[in-house]
Number of protein chains: 2
Amino acid sequence: MATKRDIMFSKACQYAIKVMIFIASNQKEGNRTGLKEIVAALGSPEAFTAKVLQQLVRGGLLESYRGPSGGFVLRDNKPVLIYDVVQVIDGRQLMEECVLGLPECSGENPCPVHEKFTGIRARLKETLMSTAVSDPSLLKGSFKSGR
Amino acid sequence: MATKRDIMFSKACQYAIKVMIFIASNQKEGNRTGLKEIVAALGSPEAFTAKVLQQLVRGGLLESYRGPSGGFVLRDNKPVLIYDVVQVIDGRQLMEECVLGLPECSGENPCPVHEKFTGIRARLKETLMSTAVSDPSLLKGSFKSGR
DNA sequence: ATAATTAAGGATGTTTTTATCCTTAATTAT
DNA sequence: ATAATTAAGGATAAAAACATCCTTAATTAT
């Protein structure tokens, strides 16, 4: 009956990736990006996006500042990878855990499809880890979902 | 805060894949596999597994028979691929749709990460389409999640 | 015919995810 | 100091996914 689900990332994580790329693209000499700007650019629900931003701040990927001219900036010590964003919002399951959800699944004690997916998992991890949210190659696309 | 979610397939789909592999492995000269057997082998919730089986039957991947000695068998006209199972239970999103959830995303009008994921998507599709649930190589693993 | 077995299917409940609302805290400008 | 602005955060609601319960329909065996 084909439920609705089945997507690589949770919706929160999709927003998070877009948010991070937008902030990165908007960030020239320490410029802060506000929630309003973000939701306008993304077309995402404001309150929910705010929660996602909170998680990103708590996760150490963003710094936040309140008050007029407040907003968000990327952490400045090291680049934020897409991998980091996924980990903070969705955790390690997609990257690390058994696709059939078996706790005991591992190389020594594999589930039936374990071998089939090892390549994909590695490739996925590789891709997520090789791309920073501030990667200039990400700037060409658009994330506004509106018409 | 790392929610719980983030997995490639829905839980229903995970059950479905296991179910199909189990039925395939249990199927010698048209032998039928019953719900009871299935949930015993998988350690999956009975009523929910029954619903998943219903979907697989409606989706044309299984045939079902009622009454004593009833049960389920794989369709016999053509092999069932993991790809088919995922499509029937979870739909086409994982395989076909934008990882950021953008309806307009496409090669001509890409989202920021479109390029980064094309390789993985292709690889995933390839893998799912190249493996039948009756593939003998799947028999070595176990799916019983119990201790 | 009757009883036993097994899948189908409707109704309902629970949990998780997604989303909104409203108040508080911090910061800046006047 | 006061007002304005912006993020933080608690409470709540809505939707989707996951799960159970119970009755019905079909089939087989006695």
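Each remark here, short or long, concerns the structure printed above.
Attention here is on the structure that accompanies the text.

Basis of the calculations
Residues numbered from 1 in each chain as written. Chains lettered and ligands numbered in written order. Predicted model: local features only at pLDDT ≥ 70, side-chain atom pairs only at ≥ 80, totals over all residues. Heavy atoms only, no water. Helix = DSSP H or I, 4+ residues; strand = E, 2+ residues; numbered from the N terminus. Expected span 1.5 Å × (residues − 1). Buried < 20%, exposed > 50% of the residue type's maximum accessible area, 1.4 Å probe, protein only. Arc of directions from axis to C-beta. Contact = heavy atoms within 4.5 Å. Axes fitted to C-alpha atoms, helices over the stretch in contact; angles between N-to-C directions. Parallel < 35°, antiparallel > 145°, perpendicular 65-115°, else oblique. Left-handed = near helix turned anticlockwise from the far one by under 90°. Least-squares fit on C-alpha atoms with pLDDT ≥ 70 in both. Salt bridge = Lys/Arg side-chain N within 4 Å of Asp/Glu carboxyl O. Polar contact = N/O pair within 3.5 Å; in protein donor to acceptor, adjacent residues only side chain to side chain. Nonpolar A, V, L, I, M, F, W, Y, C, P; charged D, E, K, R; others polar. Pairing = 2+ DSSP bridges. Core = buried A, V, L, I, M, F, W, Y, C linked by side-chain atoms within 4.5 Å. Phe/Tyr/Trp six-rings, centres within 6.5 Å; stacked < 30°, edge-to-face > 60°. Lys NZ or Arg CZ within 6 Å of the ring centre and 35° of its normal.

What to know about helix 3 (residues 46-58) of chain A
Residue and element names in this part refer to chain A.
1) Next: When the terminal C-alpha atoms of helix 3 are compared, their 18 Å separation across 13 residues agrees well with the 18 Å that a helix rising 1.5 Å per residue should span.
2) Next: For helix 3, the set of buried residues is Thr49, Val52, Leu53, Gln55 and Leu56. Taken around the axis of helix 3, the buried residues stretch over an arc of 155°, which confines them to a single face. Away from its buried face by more than 90 degrees, helix 3 exposes Ala47, Lys51 and Arg58.
3) Next: The inward-facing, buried residues of helix 3 abut helix 1 (11-26), helix 2 (35-42), strand 1 (62-65), strand 2 (71-74) and helix 4 (82-90).
4) Next: Gly60 sits one or two residues past helix 3 and shows a positive phi near 85°.

Side note on the packing of helix 3 of chain A against helix 4 of chain A
Helix-helix packing is characterised by the crossing angle of the two axes and by the distance between the axes.
All names here are of chain A.
1) Next: It is at 10 Å that the axes of helix 3 and helix 4 come closest, and there the two elements cross at 110°. Considering their axes alone, helix 3 and helix 4 lie roughly perpendicular with respect to each other. Considering only the axes of helix 3 and helix 4, their crossing is right-handed. Residues Val52, Gln55 and Leu56 of helix 3 touch helix 4, and the partners they reach there are Val85, Val88 and Ile89.

Comments concerning the relation of the copies chain B and chain A
1) Next: Of the transformation superimposing chain B on chain A, the axial component is 0.0 Å and the angular component is 180°, with the fit at an RMSD of 0.0 Å. Accordingly, the operation relating the two chain copies is best matched by a two-fold axis. Closest to the rotation axis within chain B is the C-alpha of B:Met8, separated from it by 2.7 Å.
2) Next: Counting the interface residues of chain B, we find that 98% of their copies in chain A are interface residues as well, pointing to one common contact surface.

So, the interface of chain B and chain A
1) Next: If you look at the interface, chain B gives 59 residues, while chain A gives 58 residues.
2) Next: In this assembly, chain B and chain A are joined by two salt bridges.
3) Next: In this structure, A:Asp135 and B:Lys116 form a salt bridge, with 3.9 Å as the shortest nitrogen-oxygen distance.
4) Next: Summed over the shared surface of chain B and chain A, the result is six residue pairs in polar contact (both at pLDDT 80 or more).
5) Next: For the side of chain B that touches chain A, the secondary structure elements donating two or more residues are helix 1 (11-26), helix 3 (46-58), helix 4 (82-90), helix 5 (93-96) and helix 6 (114-129) of chain B.
6) Next: The dominant element in the side of chain B that touches chain A, judged by the number of residues it contributes, is helix 6 of chain B, at ten residues.
7) Next: Looking at the side of chain B that touches chain A, its residues break down into 27 nonpolar, 17 polar and 15 charged.

Some points on the pairing of strand 2 of chain A
Residue and element names in this part refer to chain A.
1) Next: Side chains Gly71 and Val73 of strand 2 all project onto a buried face; the interleaved residues Phe72 and Leu74 project onto the opposite face, where all are buried too.
2) Next: Relative to strand 2, strand 1 is paired through four bridges, and the arrangement is antiparallel. What sits directly across from Ser64, in strand 2, is Phe72.
3) Next: Turn length for the strand 1-strand 2 hairpin, with the two strands adjacent in sequence and antiparallel, is five residues, and the turn residue Gly67 shows positive phi of about 85°.

Some points on the nonpolar core
Nonpolar side chains in soluble globular proteins tend to end up buried together.
1) Next: Counting residues in each nonpolar core, the largest one holds 88 residues, and the members touching the most others are A:Leu56 and B:Leu56.
2) Next: In this structure, B:Leu56 is in contact with B:Ala16, B:Val19, B:Met20, B:Leu61, B:Leu62, B:Val85, B:Val88 and B:Ile89, ignoring residues within four places of it in sequence.

Brief notes about the packing of aromatic side chains
1) Next: With the rule as written, the count across this model stands at four aromatic pairs over all chains.
2) Next: With a centroid separation of 5.9 Å and 85° between ring planes, the pair formed by A:Phe9 and B:Phe117 is classed as edge-to-face. Taken together, the residues span two chains, with A:Phe9 in the segment before helix 1 and B:Phe117 in helix 6.
3) Next: The exposure class of A:Phe9 is buried, given its relative accessible area of 0%.
4) Next: An angle of 70° between the planes, with centres 5.7 Å apart, marks the rings of A:Tyr15 and A:Phe48 as edge-to-face. Of this pair, A:Tyr15 sits in helix 1 while A:Phe48 sits in helix 3, placing them 33 residues apart in sequence.
5) Next: Residue A:Tyr15 is classed as buried on the basis of its relative accessible area of 12%.
6) Next: Using a relative accessible area of 38% as the deciding quantity, one classes A:Phe48 as partly exposed.
7) Next: Just above the ring of A:Tyr65 sits the side chain of A:Arg32; from NZ or CZ to the centre is 3.8 Å.

Distances and angles like these do not, on their own, reveal function.
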